Amino acid sequence: MTQQAAPPVARAAAGRTPARLAALAGVAVAAVALGLAEVVAVVAGARSAPLVAVGGVVVDSAPESLTRFAIDVFGVHDKTALLVGTAVLLAGFAAGIGVLAARAPIAGDLGIAAFGLVGVAAAVSRPDAGPAAALPSLLGALAAAILLRALLTGPLRPAVAPPQPGVGPLRPAVDPPAPPAGPAAPATPTAPVLPGAGVGDRRRFLSAVGVSVGAAALAGAGGRWLAQRRSVTSVRASITLPAAADVAAPVPSGVDPQVSGLTRYVTPNTDFYRIDTALVVPRVDPQQWRLRIHGRVATEITVSYPDLLAMDLVERYVTLACVSNEVGGDLIGNARWLGVPVRELLAAAGPLPGADQVVGRSVDGWTCGTPTEALLDGRDALLAVGMNGEPLPVEHGFPVRMVVPGLYGYVSACKWITELEVTSFADFDAYWVPRGWSAQGPIKTQSRIDTPRQRGELTAGTVPVAGVAWAQHRGIRAVEVRVDDGPWQSATLAPAVSADTWVQWVWQWPATPGEHVLQVRATDTTGETQPEGRQPVAPDGATGWHTIRVTVA
Ligand SMILES: Nc1nc2c(c(=O)[nH]1)N[C@H]1C(S)=C(S)[C@@H](COP(=O)(O)O)O[C@H]1N2
Ligand SMILES: [Mo]
């Protein structure tokens, strides 16, 4: 390739920016692009920032096995891992673009344009893309192209000496080894640097790079912070929810047996597990929020947040569980929800015969499919606005989410909900269904040992074995514990508010010295006992008895 873009004499004489500096420039301009994009995203919408938008596309299109792998490997940090991984990959490409651009500036422009386009395409294709979704990537790319030119061929370009053996390109230009010719030669480059061809020194170049990266990091972090802070958090803080017209049954005394290490009956909002596909939590302005109930209904209806708050609110304790919860896992929590019964809104719309599925759709396009039956059969399926006495936390679906007792979250608990589409299971597959999960997701009867801990070391004597058991909407009838394959022993159940919540249980174990295996199983009020056979979480929830090993001294 010939370098037609620059005056041949000047370029030949001055040489090109060494590869390492060029790579550095590439990374710096990528940082600037992303940082600026985050700032633009404060206005254009946090989820239009290129990293977030591309990450979102990756999450939604990744095969289920990969998503599961990521969750297994990174646990709750899967989102961070994805963003960091993307950033590292991007830095590699950016370095390459820098090196190419040092040879042919047009290659830099093209490379940056390609990245900009990927960002734009991802941002505008997101389900909740606003009209300005393309702007963060566009402006970021533009800034990157200008800065890259300035660094590599413009006023910020480092002075360049022809390569000398043994001199690393990042050594300061002021301190090269004496050239072989001339005994007292001053530390000047052996090739003259032409005036006007971008005279500078590496220090100026490096400080330009440093300042760019620093400014980009500040802008990026500040932008991200602002975008998240802006409006919604403060709006949420200013909301006072109306009192419930139909309050929750009081929590019975003794609901929390005093056993250390046992999970509390009501899960505080800050400890409540969080599962969703959102890389950046959707920020929904309650004043803009609408819920549209449409599809196979007699009358399509739309309700606003004030409409919802003006209705009679119902308050209920409901234990939410994730289908991905492993036996013994903690993707489960119990909260006091405040909201409007879904059946009242559905009744107003009038589902048509044969419409056996209601699809909840989130502002970010995520969907879940709930049996119409479960929303109409009298259970406390809610469009919730409150959680444990507060407006819904933003991570848990502010301003409105659905909660349905007895169904796993992936088929019912739509957060940031904006639509209920009345349809049928034959006509629509919700988000997780094509990814290998069952369309039907009733919660399986389960039990968990919270204390003692796995591989715990105990002293002989009476040891309380305690935990939680759940079979939402059916209720737990009995919990049994056994030691070393011995006989099953009945645990004492604590009271619970209703069949829609978990229940705590305790069994006093006369522990003797040695290694022991403890197992638990629960029976629900239909008489069904948890099966021993292990099944994985996919496609419709894990089965098996929680089993732990302890040592008693
Ligand atoms: N918009 C949206 N809602 C969602 C999800 C999601 O990915 N996006 N995940 C669901 C799943 S799988 C579960 S288990 C529950 C978890 O609710 P939580 O995060 O409030 O505990 O939310 C459900 N609602
Ligand atoms: Mo879930």
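Residues numbered from 1 in each chain as written. Chains lettered and ligands numbered in written order. Predicted model: local features only at pLDDT ≥ 70, side-chain atom pairs only at ≥ 80, totals over all residues. Heavy atoms only, no water.

1. Focus: the layout of surface pockets
For clarity, the threshold we go by: The distinction between a cavity and a pocket rests on a 1 Å grid over the protein atoms alone: a 1.4 Å probe fits inside a cavity but cannot get out, while a pocket stays open yet meets protein on both sides within 12 Å along at least five of seven lines, and a residue with an atom within 4 Å of a point counts as lining. Grid points are joined across faces, edges and corners, and a volume is the space filled by probe spheres set on the points. Here the limits of each domain have been adopted from an automatic or database domain assignment.
Approximately 690 Å³ is the volume found for the second largest pocket. Along the walls of the second largest pocket sit 31 residues, with Gly 45, Asp 128, Arg 283, Val 284 and Asp 285 positioned nearest its centre. Among the domains, domain 1 (15–159 + 199–228) and domain 2 (269–423) are the pair contributing at least three residues each to the lining of the second largest pocket.

2. With respect to the site of ligand 1
Operational definition: Throughout, near means a residue has at least one heavy atom within 4 Å of the molecule or strand. Any pair of nitrogen or oxygen atoms within 3.5 Å is treated as a polar contact; in protein, a donor-acceptor pairing is required on top of that, and neighbouring residues in sequence qualify only through side-chain atoms on both sides. Methods summary: accessible areas were calculated by the Shrake-Rupley approach with a probe of 1.4 Å, and residue burial reflects only the protein chains presented.
Near ligand 1 there are 19 residues, and of these Tyr 273, Thr 277, His 396, Arg 401 and Lys 415 occur at the shortest range. Ser 362 is positioned with one of its side-chain polar atoms (N or O) 3.2 Å from a nitrogen atom of ligand 1. Between Trp 366 and ligand 1, the recorded distance is 3.3 Å, taken from a side-chain N or O atom to an oxygen atom. Expressed as a share of its isolated accessible area of 530 Å², the protein-covered part of ligand 1 is 99%.

3. Digging into the sheet that holds strand 11 (residues 446–451)
Formally: Any two strands between which DSSP finds at least two bridges are classified as paired. Note on conventions: DSSP H or I runs of at least 4 residues are helices, E runs of at least 2 residues are strands, and numbering of each starts at the N terminus.
Here 4 strands make up an open sheet; going across it, the order is 11-13-17-16 and the pairing antiparallel. Each of the sheet's edge strands pairs with one partner strand only, and the pair in question is strand 11 and strand 16 (492–493). Relative to strand 17 (residues 503–511), strand 16 is paired through 2 bridges, and the arrangement is antiparallel. In the sheet register, Thr 492 faces strand 17, and the bridge partner there is Val 506.

4. Regarding the pairing of strand 10 (residues 417–423)
On any regular strand, side chains alternate: one points to one face of the sheet, the next to the other face. So the rule is basically this: Burial here depends on accessible area, computed with a 1.4 Å probe over protein chains only, as a share of the maximum for the residue type. Under 20% is buried, over 50% is exposed, and the range in between is partly exposed.
The element strand 10 is extensively covered by neighbouring structure, given that 5 of its 7 residues are classed as buried. Bridge analysis of strand 1 (residues 290–295) against strand 10 gives 4 bridges, and the strand direction is parallel. Among the inter-strand pairings, Gly 295 is bridged to a residue of strand 10, identified as Val 422. Across 6 bridges, the pairing between strand 5 (residues 357–362) and strand 10 is antiparallel.

5. A few points about the pattern of salt bridges
Rules: Here a salt bridge means any side-chain nitrogen of Lys or Arg lying within 4 Å of a carboxyl oxygen belonging to Asp or Glu.
Applying the stated criterion across every chain yields a total of 19 salt bridges. Among the salt bridges present, the one from Asp 524 reaches Arg 474, with a minimum N-O distance of 2.9 Å. Residue Asp 524 is found in strand 18 (residues 514–524), and its partner Arg 474 is found in the loop between strand 13 (461–470) and strand 14 (476–483); the two are separated by 50 residues along the sequence. Arg 521 is the salt-bridge partner of Glu 480, the closest N and O atoms lying 2.8 Å from each other. Linking Glu 480 in strand 14 with Arg 521 in strand 18, this pair joins segments that are 41 residues apart in sequence. For Glu 480, a relative accessible area of 16% gives the class buried. Shared partners join several salt bridges into a network, and the residues in it are Asp 246, Arg 316 and Asp 380.

6. A short note on helix 11 (residues 342–349)
Since one α-helical turn is 3.6 residues long, residues separated by three or four positions face the same way. Going by this rule: Taken from the helix axis, the directions to the C-beta atoms give the arc we talk about.
Those residues of helix 11 that sit buried are Val 342, Leu 345, Leu 346 and Ala 349. Buried positions in helix 11, seen along its axis, are confined to an arc of 100 degrees and lie on one side of it. Of the residues flanking the end of helix 11, it is Gly 350, one or two places downstream, whose phi is positive at about 75 degrees.

7. Here we look at the environment of Thr 525
Put simply, the rule is: Any pair of residues with heavy atoms lying within 4.5 Å of one another is described as a contacting pair.
When you line up the elements, Thr 525 lands in the loop between strand 18 and strand 19 (546–552). Residue Thr 525 is classed as partly exposed on the basis of its relative accessible area of 38%. The spatial distance from the C-alpha of Thr 525 to the C-alpha of Gly 475 is 5.6 Å, given a sequence separation of 50 residues. Excluding anything up to four places from it in sequence, Thr 525 contacts Arg 474, Gly 475, Ile 476 and Arg 477. There is a polar contact of 2.4 Å between the side chain of Thr 525 and the backbone oxygen of Arg 474.

8. Brief notes about the sheet that holds strand 10
The cut-off we apply is this: Fitted lines through C-alpha atoms give the axes, limited to the stretch in contact for helices. The angle between two N-to-C directions lies from 0 to 180 degrees.
Read across the sheet, 5 strands follow the order 2-1-10-5-6 without closing on themselves; strand pairing throughout is mixed. Pairing within the sheet leaves two strands with one partner each, and these edge strands are strand 2 (301–304) and strand 6 (367–371). Neighbour-to-neighbour, the strand axes of this sheet turn through a mean angle of 20 degrees, independent of strand direction.

9. A look at empty space enclosed by the protein
The line we're drawing: Residue classes follow a fixed rule: Ala, Val, Leu, Ile, Met, Phe, Trp, Tyr, Cys and Pro count as nonpolar, while Asp, Glu, Lys and Arg count as charged, and any other residue, Gly among them, counts as polar.
Per the counting criterion, the structure on display carries 4 cavities of 30 Å³ or more. In this structure, the largest cavity occupies an estimated 100 Å³ of space. Of the residues contributing to the lining of the largest cavity, the split by class is 7 nonpolar, 5 polar and 2 charged. Mapped onto the domain boundaries, the lining of the largest cavity takes at least three residues apiece from domain 2 (269–423) and domain 3 (446–552).

10. Focus: the environment of Asp 524
In this structure Asp 524 comes out as buried when scored by relative accessible area, which is 2%. Between the C-alpha atoms of Asp 524 and Ala 499, which are 25 residues apart in sequence, the distance is 9.6 Å. Not counting residues up to four positions away in its chain, the partners in contact with Asp 524 are Thr 445, Ala 471, Arg 474, Gly 475, Ile 476 and Arg 477. Side-chain polar atoms of Asp 524 contact the side chain of Arg 474, separated by 2.9 Å.

11. Considering unusual backbone geometry
Leaving glycine out, the prevailing phi sign among residues is negative, and the prevailing peptide bond configuration is trans. Look at the link from Thr 451 to Pro 452: it is a cis peptide, with omega at 0 degrees. If you trace the backbone, Pro 452 turns up in the loop between strand 11 and strand 12 (456–458). Cis geometry marks the peptide bond from Ala 538 to Pro 539; its omega dihedral reads 5 degrees. The residue Pro 539 is located in the loop between strand 18 and strand 19 in this model. Located in the positive-phi region is His 473, a residue other than glycine, with phi close to 75 degrees. Position of His 473 relative to the elements: it lies in the loop between strand 13 and strand 14. A residue is classified by how much of its surface remains accessible, and His 473, at 33% relative accessible area, is partly exposed. The residue Asp 485 is not glycine, and still its phi comes out positive at about 60 degrees. Within the secondary structure, Asp 485 is located in the loop between strand 14 and strand 15 (489–490).

Interpretation in functional terms is not warranted from these geometric data alone.
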